[in-house]
Amino acid sequence: MSDYHDFDHFGLDPRIVAAVKAMGYATPTPIQSKAIPLVMAGRDVMGAAQTGTGKTAGFALPIIDRLLPQASASMSPARHPVRALILAPTRELAEQVAENVKMYISGTPLRCATVYGGVDMDPQTQALRNGVEIIVATPGRLLDHLGSKNTSLSQVQMVVLDEADRMLDMGFLPDISRILNQLPKERQSLMFSATFSEEIKKLAANFLRDPVLVEVARRNATADNVQQELYRVHESEKTAALLSLLHDRELKQVLVFVNTKIGCRRLARELQKHAINADAIHGDKSQDERMKALEGFKQGTIDVLVATDVAARGLDIVELPAVINYDVPYAPEDYVHRIGRTARAGLSGLAITIATGSEDRAVAGIERLIKRTIEPKPIELRRPPRGERPGRSREREREAPRERQASAPAAPRPAAAPAVAADDFFNKPYEPSSAGVEPATTEDEVPAVGGKSPAKVATLLGGGKR
Ligand code: AMP
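The text that follows walks through the structure, step by step, so that each part is easy to find. Since we're looking at a predicted model, the values are computed, not measured. (Residues numbered from 1 in each chain as written. Predicted model: local features only at pLDDT ≥ 70, side-chain atom pairs only at ≥ 80, totals over all residues.)

Examining the overall build of the protein
- Helix and strand counts for the protein come out as 17 helices and 14 strands.
- Among the 466 residues that make up the protein, the fraction classed as buried is 51%. (Helix = DSSP H or I, 4+ residues; strand = E, 2+ residues; numbered from the N terminus. Buried ≥ 20, exposed ≤ 12 C-beta atoms within 10 Å, placed from the backbone.)

The structure is reproduced here in structure tokens:
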């Protein structure tokens, strides 16, 4: 596969090239270099790419290019049927993808609408009824609009499942299945995932046709340019350790991960008490509050954003220098996602994990997944912890079991997947697994599945290939 050193040589429509240059992209990232020609050629693609690799432009630019010959300047909604659908797991990711798409199509008559839950449906309904070629959506709200006949997917030519692993983790498979059933069989399909579980492989086998695997980092590997550090402390020292690290390393614009919503709130408050500009972003916050916190973080008015995995999913913060795991994630895959927030688009970054003895097993799981040992480093605690640390309150103790239950995978996840190149799973027919897909596992954004028990991928996708 040849490498492209600038955006002029793909043969993309000049309006797209101009938009990309206006955004300051000079050189295609590796995934763009590989994926753009394949998608332009009409191939199905399985992208093994972490966030921050530039994957959005990798799929969006060639999709836009393929849509342009049919683009119409007419005002009539009928002249703007939905031709491309991009599904994303969270509102934030949908917003960010759509933001980028809107920039890329700014010099063309194409239209793009964003559809996600937690906000008023009316403006979305209006946008859909006016006609749009590209929809970027989270699955649940899109189904609401389809149910209300606000839009139709009958003319979709291209579909993207972005962050497919996270969509499965969040229990979106039934919704995705319902949506896919409304698409024409003849279409181009793209799927992106940072990690590769058996379920992802099965979804790929059902969803994609003769796909080309495009990858830019080892499967389940962490970005090489992320410096990973581990500090082992006593339970009661966690906050002091965090404060020391923030202070000694002069860290600004740090994303701090915790495992529970209540831990998130409490840690942000604790940091504020220590005169740190901190805010919290978690599933109980409204969309407006989350966007405001994110904006403050991007602008630099908030130095430390404390986040749960779900809330942070898809956050696009360029040049984020550091992430800190205040809690070790329950699922090793979440570690990969978390540290993917730093060292984006080729920059180097720092990923710090603060672990207590009770988190040893979780750390070992991560090391197995990334096939690397993270040697613990000594830490000098500058201040004694002020009062109760956020994670040890009675309130948290009460909430923890429920949240853990909601967050922890039902069964141990598979360790690192085998090497990628030799993996021919795309060519194999679907084989039903005895293991059901895990139910919704995260602290919010759980789609309404009517309390159904987790169903198998095969059943949900109609049991076979298209
Ligand atoms: P993504 O992995 O798609 O979320 O992209 C990560 C970030 O990199 C986004 O802020 C993009 O706007 C930016 N980006 C994508 N492609 C390029 C490029 N070729 N050059 C510079 N920045 C890029």
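Moving on from the coordinates now.
Here we look at the environment of His9
- Relative to the helices and strands, His9 is located in the segment before α1 (14-22).
- Sequence separation of His9 and Pro37 is 28 residues, and the distance between their C-alpha atoms is 9.9 Å.

Describing unusual backbone geometry
- Backbone geometry places Glu163, a non-glycine residue, at a positive phi of 50°.
- Inspection of the secondary structure assignment puts Glu163 in the loop between β5 (158-161) and α7 (164-169).
- Residue Glu163 is classed as buried on the basis of its 27 C-beta neighbours within 10 Å.

Things to note about the sheet that holds strand β1 (residues 45-48)
- Across the sheet, 7 strands lie side by side as β3-β4-β2-β5-β6-β1-β7; this open sheet has parallel pairing. Pairing within the sheet leaves two strands with one partner each, and these edge strands are β3 (112-115) and β7 (212-215). Averaged over all pairs of adjacent strands, the angle between their axes in this sheet comes to 15°, without regard to strand direction.
- Summarising the sheet, β1 and β7 pair through 4 bridges and their orientation is parallel. Bridged to Ala48 within β7 is Glu215. (Pairing = 2+ DSSP bridges. Axes fitted to C-alpha atoms, helices over the stretch in contact; angles between N-to-C directions.)

Some details on the pairing of strand β10 (residues 278-281)
- Residues Ala278 and Ala280 line one face of β10 and the alternating positions Asp279 and Ile281 line the opposite face, and both faces are buried.
- Where β10 lies against strand β11 (residues 304-307), 4 bridges are found, and the strand directions are parallel. The residue of β11 that forms the bridge with Ala280 is Val306.
- In this view, the connection linking β10 to its parallel neighbour β11 by way of helix α12 (residues 287-299) has right-handed handedness. (Right-handed = clockwise from strand over helix to strand, strands pointing away.)

Observations regarding the nonpolar core
- Leu87, Val136, Val256, Val306 and Ile324 are the most contacted members of the largest nonpolar core, which totals 128 residues.
- A domain-level breakdown of this core finds at least three residues from each of domain 1 (7-215) and domain 2 (226-388).
- Setting aside residues up to four positions removed in sequence, Val136 forms contacts with Ile86, Ala88, Ala94, Val97, Ala98, Val101, Cys112 and Thr114. (Core = buried A, V, L, I, M, F, W, Y, C linked by C-beta atoms within 7 Å. Domains from an automatic or database assignment. Contact = placed C-beta atoms within 7 Å.)

Remarks on the packing of helix α14 (residues 332-339) against helix α15 (residues 360-370)
- Contact geometry for α14 and α15: axes closest at 8 Å, N-to-C directions at 70°. Put simply, α14 runs roughly perpendicular to α15. Packed against α14, whose contacting residues are Pro332, Glu333 and Tyr335, the element α15 presents Gly365, Ile366 and Leu369 at the interface.
- For the contact of α14 with α15, the residue count by class is 4 nonpolar, 1 polar and 1 charged. (Parallel < 35°, antiparallel > 145°, perpendicular 65-115°, else oblique. Nonpolar A, V, L, I, M, F, W, Y, C, P; charged D, E, K, R; others polar.)

Things to note about the pairing of β1
- Of the two faces of β1, the one carrying Val45 and Gly47 and the one carrying Met46 and Ala48 are both buried.
- In terms of strand pairing, β1 meets strand β6 (residues 188-193) through 4 bridges, oriented parallel. When the sheet's bridge partners are listed, Val45 is paired in β6 with Leu190.

A few points about the environment of Ala268
- Its place among the elements puts Ala268 in helix α11 (residues 261-273).
- Note on Ala268: 25 C-beta atoms within 10 Å, which makes it buried.
- Residues Ala268 and Val304, 36 residues apart in the sequence, show an inter-C-alpha distance of 8.2 Å.
- Beyond its immediate chain neighbours, meaning those up to four positions away, Ala268 contacts Ala278, Asp279, Ala280 and Val306.

So, the sheet that holds strand β8 (residues 226-232)
- Across the sheet, which stays open at both edges, the 7 strands sit in the order β10-β11-β9-β12-β13-β8-β14 with parallel pairing between neighbours. A strand with exactly one partner marks an edge of an open sheet, and here the two such strands are β10 and β14 (376-377).
- Relative to strand β13 (residues 349-355), helix α10 (residues 238-248) is tilted by about 160°, and along the sheet it contacts β8, β9 (254-257), β11, β12 (322-325) and β13.

Quick notes on helix α2 (residues 30-40)
- α2 sits mainly inside the fold: 9 of its 11 residues count as buried.
- Listed in full, the buried residues belonging to α2 are Pro30, Ile31, Gln32, Ser33, Lys34, Ala35, Ile36, Leu38 and Val39.
- Looking at the buried residues of α2, the elements they touch are β1, α3 (55-67), β6 and β7.
- Just past α2, the residue Gly42 takes up positive phi, approximately 90°.

Concerning the packing of α3 against helix α4 (residues 91-104)
- Contact pair α3 / α4: the axes reach a minimum separation of 10 Å and the direction vectors enclose 40°. Considered as vectors, α3 and α4 are oriented oblique to each other. Handedness of the α3/α4 crossing: right-handed. Along its contact with α3, which presents Thr56, Ala57, Ala60, Leu61 and Ile64, the element α4 presents Val97, Asn100, Val101 and Tyr104.
- Its residues assigned to classes, the contact of α3 with α4 comprises 7 nonpolar, 2 polar and no charged. (Left-handed = near helix turned anticlockwise from the far one by under 90°.)

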